[in-house]
Every structure is written in structure tokens, then in C-alpha cells.
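In case you want the letters, here they are:
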Amino acid sequence: MKAGLIAGGALAAVALGAAALSLAWTPFDPTAMSVAARLQPPGAVHWLGTDHLGRDILSMLMAGARTSLGVAVLAVAIGAGAGVPLGLAAAAMRGRWLDDAIMRGNDLIFAFPSLVIAILITAALGPSAANAMVAIGIFNIPVFARVTRAAALPLWTLDYVRAAQVAGKRAPRISAEHILPNIAGTLIVQATIQFSLGILAEAGLSYVGLGAQPPTPSWGRMLAEAQTMVTLAPHVAIVPGIVIVLTVLGLNLLGDGLRDALDPRLKARAA
Amino acid sequence: MIGVERLSVAIGGRPVLDDVSLALPPGRITGLVGESGSGKSMTALAIMGLLPDGARATGRVDLDGRDLLALDDRRMSDLRGRRIGMIFQEPMTALNPLMTIGDQVAEVLIRHHGMARDAAATVARLRLDRVGLPGARFPLGLFPHELSGGQRQRVAIAMAIADAPDVLIADEPTTALDVTTQAQIMDLLRGLVADEGMALLLITHDLAVVGSTADRVAVMQGGRIVEEGATADLFRAPGHPHTRALLAAARHRPARAQAPALPGPPILRVERATRSYALPRRAPFAPTGHLRAVDDVSFSMQPGESVGLVGESGCGKSTLTRMILGLDPVQGGRILLDGQPVVAGRMPGALRARVQVVFQDPFGSFDPRWTVERLVAEPFHLTGRPRDWQDQVAAALAEVGLPADAMRRHIHQFSGGQRQRIAIARALIIRPRLIVLDEAVSALDVQVRAQVLDLLSRLRESHGIAWLFISHDLSVVRSITDRVLVMDRGRIVEDGPTRRVLDAPESAAARRLVAAMPRMPGETS
Amino acid sequence: MTLAVSLLVASAVIFAVVDLVPGDPASFMLGTGARPDTLAALRAEMGLNLPWPVRYARWLGGVLTGDLGTSLAYRTPVAGMIVERLQVSLPLALAALALAAAVAFPAGLYAASRGGRAGDAAVMAGTQVGVAIPNFWFAMLLVLVFAVKLRWLPAGGFPGWDQPLAAIRSLALPAVALALPQAAILARVLRSALIETLGQDYVRSARAKGLTRAQALRRHALRNAMIPVLTILGMQFSFLLAGAIIIENVFYLPGLGRLIFQAITQRDLVVVQSSVLVMVAAVILVTFVVDLAYALVDPRLRGAR
């Protein structure tokens, strides 16, 4: 399982590194078209080939990584930023009306399929990468709220929390000092999962035209443009797809590896 | 006839059992005692062929001339439940929550004899009757969550004896139960051995339990059997130093603190305190029932006094404890700490600082991410952290017998006994006037328990703090308290000097607790 | 009771969001060259000048009597359009779910029974990849192989149920594309739930009764592991119903998702409002059914509500 952690970390690092590098350098201008160099298969000049407008696919993938990863990361930040405090509050007020209200609100958001939220938001605000990010972020809120509450609830029955209460500490302080640090592992794992789901969601939204708009490059848009070309030059669809699969796979392996590394039960056994 | 010959087990190369030999004659009870980690349970699992993955066993487990260690899982499964039955410590989780008790008992017979469902159910009914769960009150269709812990343990026993095995292994069968239930389960096991002539291997850390039950006793330490013999002989003249140490610890009485209660206004006054909980409704519009967990309770404690609060589980003592600590609101009556009312959630720090607590569970009492230094200093939140707080933490640790370098370490680096010492240091650090000890030694091995009780006696003498000692076990309270309150169904039914209550209990609840107290051979209370 | 409240709140949220959508449906319908008085007349006819509480009440009243409104773009009742689209979406979601379960159950059971060994690792590696594959990309690959290269199945479109065989053939690839990631998720959940229950005391009790490892897994662990699995199944059904939007796009299928999608671009807000409500109602209903199923599985939950 240690191997999974390393492989996942490496894949995720490559994706993030490529996105960072694209700020300073890409092999070609990702938006430069060239009719002469259309639909070239992977080769010495264009390592991963060119698309139907002659753009360099590797350059587009690097620039697209910025959009795809950026949207997913910020969506996680929105989800965790709102969801974790809500989940902590719900757990601290367990069984009382605030807990009930928060959880009912969560159920309500959950009842809206994520894509429908995205469609409604982009319909209201117009399609863009930023709005796709908001849509995915809203979907992430109840996920984080639920995971936080579920992880925090059993801690509230533990004696060390009662000891803190006997030491005069109130719920917000106990949540910050005792609960949050002890569920951080779970939350980090959930964050990597939502990160990888966010990449898939962004790709899906861009694919149907609800995400990044031209000329912003994005992995999903590359696949959308590739659809009509796929019979002529399969690589225009296959290459970006594999990049998505590897990135998501890397993040999932990383998340699983982290979970195993942070699991107190596994740690206790090793000690 | 089953026996273990020169059994050694290693897990991942680490030896856990070393050259263990044990005979289990039919119709006899063999006790296997030792502290946790001494290899008792591992011996049982080796006999059952249920050793954890990665374990390697050598030697022989002999059943009628067959070596069980040599059998594959398929063949071993045919013997489990039919020739050898086993019950475990934790009755709350030992039964499948989704299956009726009847089905779970009948499953043994269906598995081994291919019996039809209704034939198996008939036998299951008889076995459940035999373990004290008569059909009128305990139909086969009940689910485990509808039963108490003691009743679930009876179902587990019915499962284990359903097919009348030659050998029954009981691994700490009563440890998770309260004292009165404990005594009933032991009676049941003794009766089964007498009636059905099976061999019983009784595994326990509690010498008093084997002393009053077993025919022969084997003592384990570090994976080896260090002494074995007839129970009476072994208790009268223990040969091995470890046996002597275990017996001494179990018989140990801490020197009673010579610190009488101080005169003056009481430190704690509970006046007609009441708290009830809404019960779940049985039908959608049925009136909500209420359970009076604490019902019109009154008592008071003097400064420096040591008082025990005892009762069976569910009697309301935990709720009362939480009310005194200001964690649960008082619904009726009032609780005065040092003359000022305790109001859950709204107590000034200075008042709150007069009471501290030591909890039962040495594992759950500490945030695993904090250093001991921060943990012990946490109550300073109430008083403001003094400039020399680190020195004070070191002094408190020294007082409970821990070195100053403990401060930088995390809690997982300490044993159960050390953790309870740290918990006591945390309670002492702000010099409260009352410390509540909530089953504070129940989870400890006998030897460690004796040491912690000694420490408490000493601290009481030196600090003049009042102790409120909550326990389900009278033998713990006996040695350390001046006065005992007996609680039953939310009420205090008896209040008197410890000696008097133990020698001549007046209430039915107190008589039950005294009768259930396991006694070592040759011991008076 | 809570079911009705949830639906009411959901309807209000949907109405509010749709109301926020910029762009005037009337001017959209008439095009940019419309005369102001024609526009005003159409707006009045469509009820767009009324205050929002009246519009909400009218819509809700209609929904309660089974009238989901009339499409602005096609001038046909929305209810009929939704029923027509559900004839594609519902069979597709059910087929994908059945397919996912048919793959996931054997895989999860096998992996759990081989816990930690080579067979387990192989299944888990497979599901890791399955979870990471975007279903629309997988759909493109399926089209490339089975429709373009091998010509076994159509690449898209839906002939209608009056040609049952052709209809099934045209749903086959979309169902497989939808099912693959769901099967991977389900198998992972089932495996970890099984491994968790295999560590429980009652499984040890069952082994002490003489059940073999496999018997204990089937008779005791599987049922206890069904609770998390049911939760996931419920969530997957709603995902498959709504999340098929993208797959419907790949295969040009006239499903419910595509109806919403097209209605948004045409500013056909009545259609958006009502079909989103139908979809959300389906999700809430499925959640409710899953709750009932919990009680069937777990006696501790019976009569608790």
C-alpha cells in the first residue's frame, strides 16, 4: 500500500508540476493554430501530436491542467471552507435544532444532482470556468459537512472531550483544539477524493459546454473538440483522456495511501 | 478429552506462546489466569484454530488422539461448535444484530447436522430455556438489541453449548458485565459443567472469579504457564513469585488514609436532584414516556471526606456524576458546590475549578495529539495559566510518581496504569476541593489497580481533597472510602459508613451487590 | 410528512434559481427584431408580468394537479415531454445500475474473501482505474471500437420503443459507459464494508460455531455490509438519472437530462423548472425508499421512526 502512496503522489505531482510549468513555459503556444500541422500523430516535433487546428496537444494539456486543477482545487476550498465549520457545529450541537437544520439543508442540496446544480448555475450566471467551480464547490459543501459531522460525533462521547468541558472549555474551543486536529486526517483524505471528483466534474461540464469557454484551454474542452475527429485521428481523444485518468488515479491512490497512513487503528498496530 | 501439549505460537516471528501444556478433563473447570497480554486468549484461539493471520503454531492440540493444529480450516470448522464451543468477553457485539436469537442458536445445529429449520428451532428453544431465557419472555424471534448485556451473554452461551460440545472455552465471560449479572453467569456456567459433563476452560484476569469456581488453575505470564495446580492448594501455598504477586495484589488493602472529614460547611450538597429522559415512543402518537434517571437524590459531602457511590449499571450513577460535574443540566432540585449552584454550561471558572474528574477509560481520556505537558495543564484554562505552569505540571507528575521527562511525550507511550496517574495529575493541578473518580480503576489489572489505590490514599492524606468514588464494584470502594451511598433505579437507597454497609447491608440493592462480590478463598470482607 | 416538506422546499429553491436566470423568454422566442408591443402582449400572455409569488403559486398549483405547464418553445404540455423523455432515461438508468451491481457484487465479494492477498489487490487495482475513467471519454472509446471499427452497435440516436430490438441496441453502449465507473465505486464500497464487518465480534462468534470463512462471509458479513451499499445504490440511481446528461449528449439520446439542457439554452424556463422538479422528486423518493430498505435489513431501525 506504501507503493500506492508513492505512485499516487508522483502522478499528482507531475500534474501539478505541469500546470505550474505552463505558466512560464510550454513547448508551443497552446493557442497557435497551424493548418499545415493538423492532426499529426505523436512524433518527434509534437510529442503528443496536434489537434484538428494544428495546435500542440502537449502544450494544450499543460495549459489545460491549470484550468482543470485550479477549478477542482478551488471547488474543494469552497466545499471545505463552508462544509467543515457546518459539520463541526452540527456535531457540537448534536441532536438539537441547529444540527437538524444543518443536516436537513445538506439533504436538500444532495437531492439536486450535481450536474443539475451546475446547469442551473451556469444558466443563471453564464458558462465559465469560474461558475463551474462554484457549482462543483456547492456540491462539495454537504459532502464535507457530512464527513466532518460523522467523524466528529464519536469524538464528542470521548472522555478527553468531557475532560475539556470539566476544564471549562466551550464547544467552539473544543471543536478547534480537540475535534478538528483529530479528524484532520479524514478531511485530508476526503479533500483528495473531492479534488479528483472535481477534475472529472470539470471535464464533464466543459465537455458539454458549461465550463471553460474558448479560448481558455481545458481538458474537458479538448475532449469535446476531439469528438468529431476521433475516427480520423484517435489520438486527439485518447491522449487527453489518459491524462485525466492518470491524474485522477494518482489523486485517488494518494488519498487511499494517506488514509492508511493516518488510520489510528493501523498506527496502533504498528506501534 | 482435549489437551494442549507443548504449544508455541509466534505472530510475525514474535513469540506469544511458549511451550504451553494444559489438560482439560471433562466435568471439570480449569481456570487460566494472568494479566492482559500474558497469552491467555491466544491459547484459547489456538485451541479453536482461530489464530490471527500470520500466526505460526507448533506443538499439539489433541482431541481424542487427533492433532487439531494439523487440520485444515474446513475440517476444523466441522469440529468448532460441535466438539468445542467458545464464548467471548463482549456480549454487546458477539451476536449478529440482524439475526434473531433463535436463528443464531439454531444455526449451529443446521450447520453441523443439516437439521431442518423447525427441528433446529425446537432444539434452540430447549437450549435457550436451559441458559435461563424461558420462552414466555424470550421468544426465538427476538433480536439482540432487545436484550440486556447479561441476557446476550446467555444467548452466546446457548449458541456455544447448542450442540453439547465436549469442551467449552469462556474468555473473560463476565468482565463486561456488572457484579450481580457476573455472579448469575458464573452460576450458570458451573451448572452446565455439572449437568452436561463438559470441560470448561475459564479464562480471566480476576483471581476471585477462578478462586470461587475452578477445580484447577494455571497461571500465565509472558506466554508461559508459570504454575498450575488444584485451586485450593495454589491459593493456599503459591509456588511461583508471579502467582504470589497476583494474589498479594488481589488481596491488597491500601492503608486507609487517616484523614477524617473536616468540619465546616459541606463541599458538596445535592438537594432533591432530579433528571429524567424522554423514552423513544412505542407508537407514532403514543404519549412520550419518561425515565427518571436520577430521582429525588439528596446527600452531602464534607471537605476531605471520601465517599463511594455504588450501584449496578443503569442505576443512574453516571447521570448523577455528569450533573455534579456540570455536564448535564439539573431539572429538579439543586446541586451546591461549595455553597454555589452548579448550572450546566454556565459556571464561572473559579467555581468550576473546585471540582475535577478522573474517568474510567485510560485510553479515551486523553487527546492523542497533545503532549502530556499540555494535557495536564488543560484545567489551567479555568484559573488562568500561571507563569511557572511547567514547573507545576512537573510537580504534579512527580506527585503521582512519574518522571519530568514524561511531559514531552504523547499519551500512547504510556501504559494503562501510567495514564490513570496522568489523569490524576491533571485533576490535581489546579488543587480542586473535590475530585470525582468515575470507575477510575475498573479498567486496570489487579496489580496496577492496587498501586493506584495506594496513590489515592496517600494523596488524600497529604492534600485534604474530598473524593467521590463512583463504582459498580464494592471491593474497590471498600478499601478507600469512609462512607458509601448505594443507588438503585435513580434513588439513593442506602447511605452509611462503608464497613457497616458491607457487613450488614440493609437495602435489597446493597445486599445484591455484597452477595455478588467475588471472594478469594480464605478471605473475609 | 418530511417527504412533502422536502419537496416543497425543493420546489421553492428551483423556482428561485430559475427566476434568477437572466434573459427574457419572450424576447428570446420572438427574436431580436420583435416589435415592443408584440413583446408586451406575449409577456402578458405568458404571465411574466405577474409578481413572483403569484407565478410560484400558479406553478405549484399546477404541479399538484398534474399540470406541469406548457413549453414556451414547443407549445406542448411539459408533462407529456417529460414522460416521453423518461422512456429513455429510466430504462437507461436501471440498466446501468443493474449492470453495475452485476459486476460489483461478485468482484466485491471475491476481493473481500481474498482480503489483502493477490486476488484482492488485482480487483482493487482494476476498480481504481475504473473510478478514474471519465464516463463520457469511455463512451467515446466504446463508440470508436464497437460502432466505428466493429460496427456491432449504433453510435448514437434512439429509434423509439416501437422497435424494441433497435432501441435496446442503441441503449447498450450508453448503459455500459454509465455502469463502468459506478461498478468500480460499488465494488470498492462493498469490499470495504465486508472487510469491516469481517472484523466484528459476531463474525468471530459465527466462526466459533463452526462456519467456514466463506459461510461467515455470506451468512453474517454480507447482510451487515448491505447498509452502506444501499446508501451508495440510492445515490447512484439518482446520479444515473441526472448524470446521464453527458452520456446522452455523446450518444444523441433524447433523455430527461438533455431535455433540461436544451431547454436552458432555449430559455424554455417552464420546461427547466418542471423537469428539474421531477428529477429532484425522483431523488428524494429514492432516498425515502432506501430509508425503508434500511429498516428491512436492520431490525434495530424498525419502529424507530
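In short, a report on the structure. Values in this document were obtained by computation on a predicted structure and should not be read as measured data. (Residues numbered from 1 in each chain as written. Chains lettered and ligands numbered in written order. Predicted model: local features only at pLDDT ≥ 70, side-chain atom pairs only at ≥ 80, totals over all residues. Heavy atoms only, no water.)

## Here we look at the overall build of chain B
Phase 1 of the analysis: Within chain B one finds 20 helices and 20 strands.
Phase 2 of the analysis: For 525 residues, the compact-globule estimate of 2.2 N^0.38 gives 24 Å, and chain B sits close to it at 25 Å.
Phase 3 of the analysis: Its C-alpha atoms put chain B at 70 × 60 × 45 Å along the principal axes.
Phase 4 of the analysis: Sorting the 525 residues of chain B into buried and exposed places 56% on the buried side.
Phase 5 of the analysis: Long-range pairs, those at least 24 residues apart, make up 68% of the contacts in chain B with a sequence separation of at least 6.
Phase 6 of the analysis: When the accessible surface of chain B is split by element, carbon and sulfur atoms take 50% of a total near 21000 Å².
Phase 7 of the analysis: Averaging the positions of the 63 positive and the 58 negative side-chain charges in chain B gives two centres separated by 4 Å. (Helix = DSSP H or I, 4+ residues; strand = E, 2+ residues; numbered from the N terminus. Rg over C-alpha atoms; globule rule 2.2 N^0.38 Å. Buried < 20%, exposed > 50% of the residue type's maximum accessible area, 1.4 Å probe, protein only. Contact = heavy atoms within 4.5 Å. Areas by Shrake-Rupley, 256 points an atom, 1.4 Å probe, with all protein chains shown as cover. Lys, Arg positive; Asp, Glu negative; His and termini not counted. Charge placed at Lys NZ, Arg CZ, Asp CG, Glu CD.)

## Some thoughts on the sheet that holds strand 6 (residues 84-87) of chain B
All names here are of chain B.
Phase 1 of the analysis: Pairing in this open sheet of six strands is mixed, and the strands run 6-7-8-3-9-10 from one edge to the other. The open sheet has two free edges, formed respectively by strand 6 and strand 10 (224-230), since each of these has just one partner strand. Taking the axes of each pair of neighbouring strands and ignoring which way they run, one obtains an average angle of 15° across the sheet.
Phase 2 of the analysis: Where strand 6 meets strand 7 (residues 167-171), four bridges bridge the pair, whose relative direction is parallel. What sits directly across from M86, in strand 7, is I169.
Phase 3 of the analysis: In this fold helix 1 (residues 40-48) packs onto strand 3 (29-33), strand 6, strand 7, strand 8 (199-204) and strand 9 (216-221), with an angle of close to 145° to the strand it touches most, strand 6. (Pairing = 2+ DSSP bridges. Axes fitted to C-alpha atoms, helices over the stretch in contact; angles between N-to-C directions.)

## Observations regarding the packing of aromatic side chains
In this description, a pair of aromatic rings is defined by centroid distance and the angle of the planes.
Phase 1 of the analysis: All chains considered together, the criterion is met by six aromatic pairs over all chains.
Phase 2 of the analysis: Geometrically, the ring pair formed by Y207 of chain A and F136 of chain C is stacked, given 4.4 Å between the ring centres and 25° between the ring planes. With Y207 of chain A in helix 7 (residues 171-207) and F136 of chain C in helix 7 (residues 135-149), this residue pair bridges two chains.
Phase 3 of the analysis: Residue Y207 of chain A is classed as buried on the basis of its relative accessible area of 8%. (Phe/Tyr/Trp six-rings, centres within 6.5 Å; stacked < 30°, edge-to-face > 60°.)

## Let's talk about the side chain of D256 of chain A
Phase 1 of the analysis: Note on placement: D256 of chain A falls in helix 9 (residues 235-262).
Phase 2 of the analysis: Residue class for D256 of chain A comes out buried when judged on its relative accessible area of 16%.
Phase 3 of the analysis: The contact partners of D256 of chain A, leaving out residues within four places of it in the chain, are Q128 and R188 of chain C.

## With respect to unusual backbone geometry
Residue and element names in this part refer to chain B.
Phase 1 of the analysis: With a phi close to 50°, D64 is a non-glycine residue in the positive phi region.
Phase 2 of the analysis: You can see D64 is positioned in the loop between strand 4 (55-63) and strand 5 (66-67).
Phase 3 of the analysis: With a phi angle near 55°, D338 is a residue other than glycine that sits in the positive phi range.
Phase 4 of the analysis: Mapped onto the fold, D338 is located in the loop between strand 14 (332-337) and strand 15 (340-341).

## Here's the deal with the interface of chain B and chain A
Phase 1 of the analysis: At the interface, 24 residues of chain B touch 17 residues of chain A.
Phase 2 of the analysis: In this structure, the connection of chain B to chain A is made through one salt bridge.
Phase 3 of the analysis: In this structure, E378 of chain B engages K169 of chain A in a salt bridge whose closest nitrogen and oxygen atoms are separated by 2.9 Å.
Phase 4 of the analysis: Applying the counting rule to chain B against chain A returns eight residue pairs in polar contact (both at pLDDT 80 or more).
Phase 5 of the analysis: Those elements that provide at least two residues to the side of chain B that touches chain A are strand 16 (355-358) and helix 14 (380-383) of chain B.
Phase 6 of the analysis: Per-element tally for the side of chain B that touches chain A: the top contributor is strand 16 of chain B, with three residues.
Phase 7 of the analysis: In the side of chain B that touches chain A, the residues fall into 10 nonpolar, six polar and eight charged. (Salt bridge = Lys/Arg side-chain N within 4 Å of Asp/Glu carboxyl O. Polar contact = N/O pair within 3.5 Å; in protein donor to acceptor, adjacent residues only side chain to side chain. Nonpolar A, V, L, I, M, F, W, Y, C, P; charged D, E, K, R; others polar.)

## Here's the deal with the sheet that holds strand 2 (residues 14-24) of chain B
Residues and elements named next belong to chain B.
Phase 1 of the analysis: On the basis of which strands lie adjacent, the open sheet formed by four strands has the order 2-1-4-5 and antiparallel pairing. Edge positions in the open sheet fall to strand 2 and strand 5, since each of these has one partner strand only.
Phase 2 of the analysis: The pairing of strand 4 with strand 5 spans two bridges and is antiparallel. In the sheet register, L63 faces strand 5, and the bridge partner there is R66.

## Points about the interface of chain C and chain A
Phase 1 of the analysis: Taken together, the contacts link 42 residues of chain C with 37 residues of chain A.
Phase 2 of the analysis: Both faces considered, chain C and chain A share a buried interface measuring about 3200 Å² in area, 82% of it formed by carbon and sulfur atoms.
Phase 3 of the analysis: Scanning the region where chain C abuts chain A turns up one salt bridge.
Phase 4 of the analysis: For D256 of chain A, the salt bridge identified is with R188 of chain C, shortest N-O distance 2.7 Å.
Phase 5 of the analysis: Looking at the side of chain C that touches chain A, the element that brings in the most residues is helix 1 (residues 2-20) of chain C, giving nine residues.
Phase 6 of the analysis: Here the side of chain C that touches chain A is built from residues that sort into 33 nonpolar, six polar and three charged. (Buried area = accessible area lost by both parts, 1.4 Å probe.)

## Considerations on the pairing of strand 2 of chain B
Residues and elements named next belong to chain B.
Phase 1 of the analysis: As defined by bridge partners, strand 1 (residues 2-11) adjoins strand 2 across seven bridges and the pair is classed as antiparallel. Paired with I11 across the bridge in strand 2 is R14.
Phase 2 of the analysis: Count of turn residues in the strand 1/strand 2 antiparallel hairpin: two residues, of which G12 carries a positive phi of about 55°.

## Overview of helix 7 of chain A
Residue and element names in this part refer to chain A.
Phase 1 of the analysis: Taking 1.5 Å per residue as the helical rise, helix 7 with its 37 residues ought to reach 54 Å, whereas the 45 Å between its terminal C-alpha atoms falls clearly short.
Phase 2 of the analysis: Most pronounced at A184, the bend in helix 7 amounts to some 50°.
Phase 3 of the analysis: The positive-phi residue at the C-terminal boundary of helix 7 is G209, with phi of around 90°. (Expected span 1.5 Å × (residues − 1). Bend = angle between axes of the 7 residues up to and from the residue.)

## Some thoughts on the packing of helix 2 (residues 57-92) of chain A against helix 7 of chain A
Residues and elements named next belong to chain A.
Phase 1 of the analysis: Axis separation between helix 2 and helix 7 bottoms out at 8 Å; the angle between their running directions is 145°. Both helix 2 and helix 7 take part in a crossing whose hand is right-handed. Contacts between helix 2 and helix 7 involve T67, S68, L69, V71, A72, V73, V76, V84, L88 and A92 from the first element and A171, S175, I179, L180, I183, L187, A191, Q194, F195, G198, I199 and E202 from the second.
Phase 2 of the analysis: Of the residues that constitute the contact of helix 2 with helix 7, the class distribution is 16 nonpolar, five polar and one charged. (Left-handed = near helix turned anticlockwise from the far one by under 90°.)

## Remarks on the pairing of strand 3 of chain B
Residue and element names in this part refer to chain B.
Phase 1 of the analysis: Where burial is concerned, most of strand 3 is hidden: five out of the five residues are buried.
Phase 2 of the analysis: Burial along strand 3 is two-sided: the residues I29, G31 and V33 and T30 and L32 are all buried.
Phase 3 of the analysis: Bridge analysis of strand 3 against strand 8 gives five bridges, and the strand direction is parallel. What sits directly across from L32, in strand 8, is I203.
Phase 4 of the analysis: Direction of pairing for strand 3 relative to strand 9: parallel, over a ladder of four bridges. Across the sheet, residue V33 finds its bridge partner in strand 9, namely V219.

## A word on the environment of L126 of chain B
Residues and elements named next belong to chain B.
Phase 1 of the analysis: Tracing the backbone shows L126 in helix 5 (residues 117-130).
Phase 2 of the analysis: With relative accessibility at 55%, the residue L126 sits in the exposed group.
Phase 3 of the analysis: In this structure the C-alpha to C-alpha distance between L126 and P52, which are 74 residues apart in sequence, comes to 34 Å.

Honestly, that's just the spatial picture; any functional story needs more than this.
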